[in-house]
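# Close look at the chain arrangement
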Amino acid sequence: MTDLDFDPPTVIATKRDGGRLSDAAIDWVIEAYTDGRVAPEQMSALLMAIVLRGMDRGELARWTWAMLASGPRMDFTDLRANGQPLVTVDKHSTGGVGDKITLPLVPVVVACGGAVPQASGHGLGHTGGTLDKLESITGFTANLANQTVREQLCDVGAAIFAAGELAPADAKLYALRDVTATVESLPLIASSIMSKKLAEGAGALVLDVKVGSGAFMKTEAPARELAHTMVALGAAHGVPTSALLTNMNCPLGATIGNALEVAEALEVLAGGGPADVVQLTLRLAGEMLELAGIDGRDPADTLRDGTAMDRFRRLIAAQGGDLAKPLPIGRCSETVTAHRGGTMGNIDAMAVGLAAWRLGAGRTRPGARVQHGAGVRIHRRPGDAVVSGEPVFTLYTETPERFSAALAALDDGWSVGDNSPPPRPLIFDRIV
């Protein structure tokens, strides 16, 4: 397969006119774009054609495979610990507000006998990245060589690391999609997520597909379709995959921001923490253990007896982190108080996420620095009694000039009324 066999205009026109891309055409265009032989403006045109025309399941499976094949694929099937083969399993979230679930979840699964190789990323926009949270811990590094990941899986049971060279086609394509209005395409979203997760080499995969105002998928129907698509892609590539549809209309937990969320995760690992964070952590842990075929401990026991906390401390120390050092918190704070007494109404996840982002907890462009101590603490959750004048939110930042924009984002995202809002389930459905 050479550049004499295909040319960009023909491939673009095929999809533009509603045709089906052959396996060979997909392999060629992904490889040629990754190598720089297809120009960005040509790939932009093809991506837009895919947004408008879609892909069938065969095309999507091949597109995912081609991105997966653009770089190395990790393989842990030969690894053993204490004389037994390592059983690897991972979780991926489609992104939300206050979603610190990875932090307590990974050590819970490890304490139950699983091994978790997790390639994670930094956040962009209002959704926080797992690596941004962990990098608020003094000394922590996610830049691990593949051999280090293998050794750490055997010694500690988990590694949370930057994707690095995994699926380099996806990194290049995502950067292009971000500036060409081609992010919102189910085939492109599904292949982007699954190429990276399949490349990391876990033996099974659980997906946490967020639905609601603070998620990429605002309503249940497209989220369900995305979940079914990704589960099918996992199965097509020989990786048992399941998905949970979970609620992202309200932020998860009581904190949004990098170091604030680490502190809350430590509360969960110590046997406390917000009920929704604990519930989702345990449900995802059970799903991961079942899918990987690991029988044994009740995940809740690992929070009660401290074994999950021990695993988390070992994981952080193995990657250079020092939990004895205090977590940063923004030196400037602003308190939002209730204007009346009553009951806390719904809290809009997008409003809170945007407020945290404007305080400096997120970034506006790839590679920009974040404020690890910036964010929002929620003092009253939906349904809680509220007294007039008491704090309902506290905002933190290093740059006080950010408060006005953050407060404006938050302003219409909450209310105090006379009645409790109707309860919303945390988990909508399970997709297999």
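A few points on the structure. These numbers were taken from a predicted model, which means no experiment stands behind them.

Scoring rules and cut-offs
Residues numbered from 1 in each chain as written. Predicted model: local features only at pLDDT ≥ 70, side-chain atom pairs only at ≥ 80, totals over all residues. Heavy atoms only, no water. Helix = DSSP H or I, 4+ residues; strand = E, 2+ residues; numbered from the N terminus. Rg over C-alpha atoms; globule rule 2.2 N^0.38 Å. Contact = heavy atoms within 4.5 Å. Pairing = 2+ DSSP bridges. 1 Å grid on protein atoms, 1.4 Å probe; cavity = no way out; pocket = protein on both sides within 12 Å on 5 of 7 lines; lining within 4 Å. Points joined across faces, edges and corners; volume = space filled by probe spheres on them. Axes fitted to C-alpha atoms, helices over the stretch in contact; angles between N-to-C directions.

### Focus: the overall build of the protein
When its secondary structure is counted, the protein shows 16 helices and 15 strands. Taken over the C-alpha trace, the protein has a radius of gyration of 22 Å; the compact-globule value for 432 residues is 22 Å, and the two agree within 12%. Dimensions of the protein along its principal axes, counting C-alpha atoms only, are 70 × 50 × 35 Å. Taking contacts inside the protein between residues at least 6 apart in sequence as the whole, the part at least 24 apart equals 79%.

### Looking at the sheet that holds strand S9 (residues 332–337)
Reading across the sheet, the four strands line up as S8-S11-S13-S9 and stay open at both edges, with antiparallel pairing between neighbours. One side of each edge strand has no neighbouring strand; the edge strands of this open sheet are strand S8 (255–256) and S9.

### Observations regarding empty space enclosed by the protein
This structure, assessed with the given rule, holds three cavities of 30 Å³ or more. Estimates place the volume of the largest cavity at around 130 Å³. Around the largest cavity, the lining comprises 22 residues; the ones closest to its centre are His-126, Thr-127, Gly-128, Ala-361 and Gly-362. Among the secondary structure elements, those contributing two or more residues to the lining of the largest cavity are helix H6 (130–134), helix H11 (258–269) and helix H15 (349–361).

### Considerations on the sheet that holds strand S7 (residues 241–247)
If you walk across this open sheet you meet the four strands as S3-S6-S7-S15, and the pairing is mixed. The two strands at the open ends of the sheet, each matched to only one other strand, are strand S3 (90–93) and strand S15 (427–431). Neighbour-to-neighbour, the strand axes of the sheet open up by a mean angle of 20°, direction not taken into account. Here helix H9 (residues 186–199) sits on the sheet in contact with S3, strand S6 (205–211) and S7, set at roughly 160° to S3.

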